[in-house]
Amino acid sequence: ELEAPQRRFYDELRAHYRTALLARVARTGLARSKMQVLEALLRLRQAACHPGLVDAKRLGESSAKFDVLLPQLVEVVEEGHKALVFSQFTSFLALLRSRLEEEGVTYEYLDGQTRDRAARVERFTTDADCRVFLISLKAGGLGLNLTAAEYVFLLDPWWNPAVEAQAIDRAHRIGQDKHVFAYRLIAQDTVEEKVAALQQTKRELADAILTADPALIRNLSAD
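Conventions adopted
Residues numbered from 1 in each chain as written. Predicted model: local features only at pLDDT ≥ 70, side-chain atom pairs only at ≥ 80, totals over all residues. Heavy atoms only, no water. Helix = DSSP H or I, 4+ residues; strand = E, 2+ residues; numbered from the N terminus. Buried < 20%, exposed > 50% of the residue type's maximum accessible area, 1.4 Å probe, protein only. Contact = heavy atoms within 4.5 Å. Areas by Shrake-Rupley, 256 points an atom, 1.4 Å probe, with all protein chains shown as cover. Lys, Arg positive; Asp, Glu negative; His and termini not counted. Charge placed at Lys NZ, Arg CZ, Asp CG, Glu CD. Expected span 1.5 Å × (residues − 1). Arc of directions from axis to C-beta. Pairing = 2+ DSSP bridges. Axes fitted to C-alpha atoms, helices over the stretch in contact; angles between N-to-C directions. Polar contact = N/O pair within 3.5 Å; in protein donor to acceptor, adjacent residues only side chain to side chain. Core = buried A, V, L, I, M, F, W, Y, C linked by side-chain atoms within 4.5 Å.

Colleague: Honestly, the overall build of the protein chain in this entry has me stumped. Any pointers?
Modeller: When you go through the protein chain residue by residue, the secondary structure sums to 9 helices and 5 strands. Helices and strands appear in the protein chain in the N-to-C order α-α-α-β-α-β-α-β-α-β-α-β-α-α. By residue count, 42% of the 223 residues in the protein chain fall in the buried class. A fraction of 72% describes how many contacts in the protein chain between residues 6 or more apart in sequence connect residues 24 or more apart. Accessible surface computed for the protein chain: about 12300 Å², of which carbon and sulfur atoms make up 53%. The centroid of the 30 positive side-chain charges in the protein chain is displaced by 9 Å from the centroid of its 32 negative side-chain charges.

Colleague: Just to check I follow, could you spell out helix H4 (residues 90–103) for this structure?
Modeller: Because an α-helix packs 3.6 residues into every turn, residues spaced three or four apart end up facing the same way. Compared with the 20 Å implied by 1.5 Å per residue over 14 residues, the 20 Å span of H4 between its first and last C-alpha is a close match. Restricting attention to buried positions, one finds in H4 the residues Phe92, Leu93, Leu95, Leu96 and Leu100. One side of H4 carries all its buried residues, which in axial view fall inside an arc of 155°. Residues of H4 that are buried sit in contact with helix H2 (34–49), helix H3 (64–78), strand E1 (83–87), strand E2 (107–110) and strand E3 (132–136). A positive backbone phi angle near 75° is found at Gly104, which sits one or two residues after H4.

Colleague: What is the right way to look at the sheet that holds strand E5 (residues 181–184) in this model?
Modeller: What holds strands together in a sheet is hydrogen bonding between their backbones, with the strands either parallel or antiparallel. The sheet built from 5 strands is open, its strands ordered E2-E3-E1-E4-E5 with parallel pairing. Both outer strands of the open sheet, E2 and E5, are each paired with one neighbouring strand and no more. Averaged over all pairs of adjacent strands, the angle between their axes in this sheet comes to 15°, without regard to strand direction. Bridging between E1 and strand E4 (residues 151–154) involves 4 bridges; their strand directions are parallel. For Val85, the partnering residue across the bridge sits in E4 and is Phe153.

Colleague: I would appreciate a short explanation of the side chain of Lys65 in the present structure.
Modeller: Mapping Lys65 onto the fold places it in helix H3. There is a polar contact of 2.6 Å between the side chain of Lys65 and the backbone oxygen of Leu155.

Colleague: Would you mind showing me how to read the nonpolar core here?
Modeller: A general trend in soluble globular proteins is that nonpolar side chains are found buried together. Residues Val85, Leu96, Leu100, Leu134 and Phe153 are the most contacted members of the largest nonpolar core, which totals 24 residues. Within the residue set of this core, elements represented by two or more residues are H3, E1, H4, E2, E3 and E4. Setting aside anything within four residues of it in sequence, one finds Val85 in contact with Leu69, Leu73, Leu93, Leu96, Val132, Phe133, Leu134, Ile135, Phe153 and Leu155. Of all hydrophobic cores here, the second largest spans 22 residues; its members include Phe86, Leu137, Trp158 and Ala171.

Below is the structure:
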């Protein structure tokens, strides 16, 4: 649940884009407005994570996701477990890095710019003090074996549920001998809930195709 200041910022942003986009679509048509629509969706997804991702002057403000995530991460660390934290926004992970440093939590970090991937993975796997691994969703989906982790946190929903599944699978590789708990943080009453609904539709469609389940296929529409 977004706290009042973040909720106000998100709602103002949504109202702004709705007014601007409806006027543009009426003027030039939807086909010529698609880039602006995608830009609006991106900004709303960022605002659901942290206002500072949209407006740098708001970097010091609170984030409902951090309010939920940080106590859980501290608890995971204190109990001697390890956790993977994924986000598609490296700017969001950068803010989280600052917060973890304030809390005195030792972590590793990997995104698309990281060159020494193997060394980062090795440290997380073998260093008992390094219990949190921050990973950008695109960079961490493939080629990583992170069975030292028992917890996975997805900070923001990705359009493609298969990408999220690949991320969670980093902790489910061969050699995993513990239960793995995966958490998705979805901001209520935001575009993130729409993304989650789209994910479910896509997942059901994929299941219908892969399993050839007559009950699922019967519900498929032409769309």
